[in-house]
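What the coordinates show
Here is how the chains run, residue by residue.
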Amino acid sequence: MSNIAIIGSGSWGTAIAIHLARLGNNVKIWSFLQEEADLINKEKKCKFLPGVDKLPDNIVATLSFEECIKDSDYIFHVTPSKFTRNTVKQYKEFVTNQPIIICSKGFESESLSTLDDVIKEELPNNPIAVFSGPSHAEEVSHEIPTAMVIASNNNKILFELQELLMNENMRVYLSNDVKGVELGGALKNIIAFCAGILVGMNLGDNSFAALLTRGLTEISRLGEALGGKPETFYGLSGLGDLIVTCSSKYSRNRKAGMLIGQGKTIEETRQEVGMVIESIDNIDVAYKLKNMYGIEMPIVEAVYNVLYNGLKPKKAVKDLMTRDKKFE
């Protein structure tokens, strides 16, 4: 039995808390809002997981970083990527030598950094791991079989975390490719957003399959340029996460793309989705990174122009389909 601190009481943070609590661990969740903490503590519910009738009794929520982190063995960081650095700055004074497990997927838009680099800058002496893969919070909370990847350069921490997290409902694979695992999770959100646009435009299975296949090619190109291993992008944290996020009703990135495909503005889309849409920020970062590294990423370029330069989705599809002839 371990003491677990989870930073973030959204759907994924709470789903991880549920999974770890069911395994017998004591779990404290840091919440940004009093109403979310009260709902967890008093009614044993999470507003982002309405299908979960009752959270385990060994989950407690708090607004205090100190209370959440004190005496913890592991810290799971599960905030939106845009808030990562500021949140770590607020809680790092309470951290001792605990491993930090990054469960967020995205970039820091100002520096174009991956989240492991952000946390290393703020907590240079702590072991860091990345937890990623095809894992909708709704399904994990209902104990639907799920396979995930933990990546770290510290094998001792890897084996500890595999032991901590794995049971008959969650199979956990290990990797030393921290960059690849993290980048697969961050970049697939962009393609999921594009998949939603196709759905919003009422395009078909052929278009969807073409997008996923060529989208994975673009993810791999940029991911390798940033230090990831090619094979990682064809594993659970790359292809696996891409499939589940592009095809599922639970994906907020896909839902956001659908609204854009139906003609909504970015602001209208943000309001309707009601939660942070990582893909919108990630598209801007990926566009800047592809230009920085001189990488051909026509899908990323097209969706960037849809969001920021007024390109109509129908015209973007036509432009992609009529690019110069080439070998695959």
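Presented here is a report on the structure given in the accompanying data block.

Each value, and the rule that gives it
Residues numbered from 1 in each chain as written. Predicted model: local features only at pLDDT ≥ 70, side-chain atom pairs only at ≥ 80, totals over all residues. Heavy atoms only, no water. Helix = DSSP H or I, 4+ residues; strand = E, 2+ residues; numbered from the N terminus. Expected span 1.5 Å × (residues − 1). Buried < 20%, exposed > 50% of the residue type's maximum accessible area, 1.4 Å probe, protein only. Contact = heavy atoms within 4.5 Å. Phe/Tyr/Trp six-rings, centres within 6.5 Å; stacked < 30°, edge-to-face > 60°. Arc of directions from axis to C-beta.

Attention now moves to helix 13 (residues 278–293). Its 16 residues give helix 13 an end-to-end C-alpha distance of 22 Å, which sits within 8% of 22 Å, the value for a rise of 1.5 Å per residue. What helix 13 keeps buried is the set Glu 278, Ser 279, Ile 280, Asn 282, Ile 283, Asp 284, Val 285, Ala 286, Tyr 287, Leu 289 and Lys 290. Residues of helix 13 that are buried in the fold lie against strand 6 (107–108), helix 8 (178–200), helix 9 (205–225), helix 11 (252–261), helix 12 (266–273) and helix 14 (298–308).

Going through the model one piece at a time under the given rule, you end up with six aromatic pairs. Ring centres of Trp 30 and Phe 65 lie 4.3 Å apart, and the angle between their planes is 15°; this geometry places the pair in the stacked category. In this pair, Trp 30 sits in strand 2 (residues 26–30) while Phe 65 sits in helix 3 (residues 65–69), placing the two residues 35 residues apart along the sequence. Taken individually, Trp 30 and Phe 65 each receive the classification buried, so the pair is uniform in this respect.

Considered for burial, the residues of helix 2 (residues 34–43) that qualify are Glu 36, Ala 37 and Ile 40. Seen from one end, helix 2 has its buried residues packed into an arc of 100°, which puts them on one side. Residues of helix 2 that are exposed and point more than 90 degrees away from the buried face comprise Glu 35, Lys 42 and Glu 43. In the core, the buried residues of helix 2 are packed alongside strand 2 and strand 3 (59–62). Following helix 2 by one or two positions, Lys 44 has its phi on the positive side, about 55°.

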